[in-house]
Amino acid sequence: MDTKDNENLGSKDGIRRLGIMGGTFDPIHYGHLVTAEVARHKYNLEKVIFVTAGNPPHKKDKYVTDAIHRHYMTVLATITNRYFQASSVEINRKGCTHTIDTIKYFRKLYGNKYKLYFITGADAVMEILAWKDAEELVKLCDFIAATRPGYHISAINDAIENIRDNYGKVHFVEVPSLAISSTDIRNRVRTGQPIKYLLPESVESYIRKFDLYTEK
Ligand code: NAP
């Protein structure tokens, strides 16, 4: 179901930039899609590749919907934007999945002519220094941290501030539609409330067809 991970699109300037959008996507919603589009436009990204998190180490003790369901919903949600792709690279990897391996995979696939931007939620970005091989990771890509309205920039810890100020590696983007959250959508389904207009219709149909989120 993937489009080719290394399909090329024309570049607009000398530097070629690629967005890697990482998330659990349980389920994907309009907040994620708007985030990717805002980042694509602001940072002149040739395309954004949505990478559904496989088996992230920090979610070991939490229930997460089957990776294949999360990935199929991501494929459905991204299909209408020619600049978006969905990749199954993490869900096909055995064991715990770490962002460093994903970034290395895309670095190898695209080569050094591309500058890589890892896009994800600000709360996750705050923790990057605790991620596997963090020092190497921050050398391999920039980070775009998406914030919800009302997010306190004071929450930025000193270490992230240091990476941001000295290396220009962490960029914050406020995305109003991130008021939508996956947790809220799951709760809404469980309690019989509507989810229409919070995510693409195709994703809602998928949730209903496979009866996701009704009992968790
Ligand atoms: P999370 O803890 O589930 O999410 C943190 C917050 O960010 C939530 O509010 C979430 O909102 C939001 N968010 C998550 N992905 C987003 C996106 N792409 N765009 C905008 N908002 C987003 O974080 P996560 O999804 O597990 O992890 C995010 C990424 O970081 C994944 O790719 C994961 O693999 C990576 N990560 C790597 C390591 C590691 O390498 N050791 C450790 C932790 C995370 P919603 O709930 O609405 O999505």
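Here the structure is a predicted model, which is why all the values come from computation and not from measurement.

### Some words on the nonpolar core
Piece 1. Of all hydrophobic cores here, the largest spans 31 residues; its most connected members are Ile-28, Val-48, Phe-50, Met-73 and Ile-207.
Piece 2. Only helix H1 (30-42), strand E2 (47-52), helix H2 (67-78), strand E4 (114-121), strand E5 (142-147), helix H7 (182-190) and helix H8 (201-209) provide two or more residues apiece to this core.
Piece 3. Once residues lying within four places of it in the same chain are set aside, the contact partners of Ile-28 are Leu-33, Phe-50, Met-73, Thr-74, Ala-77, Leu-199 and Val-203.
Piece 4. Counting residues in hydrophobic clusters, the runner-up holds 27 residues, among them Val-51, Tyr-110, Val-125 and Ala-145.

### Some points on the confidence of the model for the protein chain
Piece 1. Summing up the model confidence of the protein chain, the mean pLDDT is 89 and the portion of residues at 70 or higher is 92%.
Piece 2. Low pLDDT, under 50, characterises residues 6-10; the predicted model gives this stretch 17 contacts beyond four residues in sequence or across chains.

### Side note on the pairing of strand E6 (residues 170-174)
Piece 1. For E6, the tally of buried residues reaches four of five residues, placing the bulk of the element in the interior.
Piece 2. Inspection of the sheet shows E5 paired to E6 by five bridges, in the parallel sense. Paired with Thr-147 across the two strands is Glu-174, which belongs to E6.

### Concerning the sheet that holds E4
Piece 1. Within the open sheet, the six strands sit side by side as E3-E2-E1-E4-E5-E6. Their pairing is parallel. Two strands in the sheet have a free side with no partner beyond their single neighbour: strand E3 (84-87) and E6. The sheet shows a mean angle of 25° between the axes of neighbouring strands, taken without regard to direction.
Piece 2. Along the sheet, H1 contacts strand E1 (16-23), E2, E3, E4, E5 and E6; its crossing angle with E2, the most-contacted strand, is approximately 145°.
Piece 3. Most of the contacts of H2 go to E3, to which it runs at about 165°, and overall it touches E2 and E3.

### Some thoughts on the site of the ligand
Piece 1. Neighbouring the ligand are 25 residues, the closest being His-32, His-58, Lys-59, Arg-148 and Ser-182.
Piece 2. Within the side chain of Thr-24, a nitrogen or oxygen atom sits 2.9 Å from an oxygen atom of the ligand.
Piece 3. Between an oxygen atom of the ligand and a side-chain N or O atom of His-32, the distance comes to 2.7 Å.
Piece 4. In the complex, the protein chains occlude 88% of the 860 Å² of accessible area that the ligand would expose alone.
Piece 5. Broken down by secondary-structure element, the contributors of at least two residues to the shell around the ligand are E1 and E4.
Piece 6. Broken down by element, the residue count for the shell around the ligand peaks at four residues, all from E4.
Piece 7. Tallied by class, residues from the shell around the ligand come to 10 nonpolar, 12 polar and three charged.

### Brief notes about the packing of aromatic side chains
Piece 1. Tallied over the full model, the rule gives eight aromatic pairs.
Piece 2. Note on Phe-25 and Phe-50: the rings are 5.9 Å apart at their centroids and 45° apart in plane angle, and the pair reads as tilted. Taken together, the residues Phe-25 in the loop between E1 and H1 and Phe-50 in strand E2 connect sequence positions 25 residues apart. For the pair Phe-25 and Phe-50, a shared accessibility class is recorded, and that class is buried.

### Focus on the pairing of E5
Piece 1. Among the six residues in E5, six count as buried, and that is most of the element.
Piece 2. Side chains Asp-142, Ile-144 and Ala-146 project from E5 onto one buried face, and the interleaved Phe-143, Ala-145 and Thr-147 project onto a second face that is buried too.
Piece 3. When E4 meets E5, the two strands line up parallel, connected through five bridges. Within E5, the position partnered with Gly-121 by the bridge is Ala-146.

### Topic: H8
Since the α-helix turns once every 3.6 residues, residues separated by three or four places project in the same direction.
Piece 1. Residues of H8 that are buried: Val-203, Glu-204, Tyr-206 and Ile-207. Considered in projection along H8, the buried side chains sweep an arc of 160° and stay on one side of the axis. Among the exposed residues of H8, those oriented more than 90 degrees off its buried face are Glu-201 and Lys-209.
Piece 2. On its buried face, H8 sits against H2 and H7.

Cut-offs used in this document
Residues numbered from 1 in each chain as written. Predicted model: local features only at pLDDT ≥ 70, side-chain atom pairs only at ≥ 80, totals over all residues. Heavy atoms only, no water. Core = buried A, V, L, I, M, F, W, Y, C linked by side-chain atoms within 4.5 Å. Buried < 20%, exposed > 50% of the residue type's maximum accessible area, 1.4 Å probe, protein only. Helix = DSSP H or I, 4+ residues; strand = E, 2+ residues; numbered from the N terminus. Contact = heavy atoms within 4.5 Å. pLDDT = per-residue confidence, 0-100. Pairing = 2+ DSSP bridges. Axes fitted to C-alpha atoms, helices over the stretch in contact; angles between N-to-C directions. Near = heavy atom within 4 Å. Polar contact = N/O pair within 3.5 Å; in protein donor to acceptor, adjacent residues only side chain to side chain. Areas by Shrake-Rupley, 256 points an atom, 1.4 Å probe, with all protein chains shown as cover. Nonpolar A, V, L, I, M, F, W, Y, C, P; charged D, E, K, R; others polar. Phe/Tyr/Trp six-rings, centres within 6.5 Å; stacked < 30°, edge-to-face > 60°. Arc of directions from axis to C-beta.

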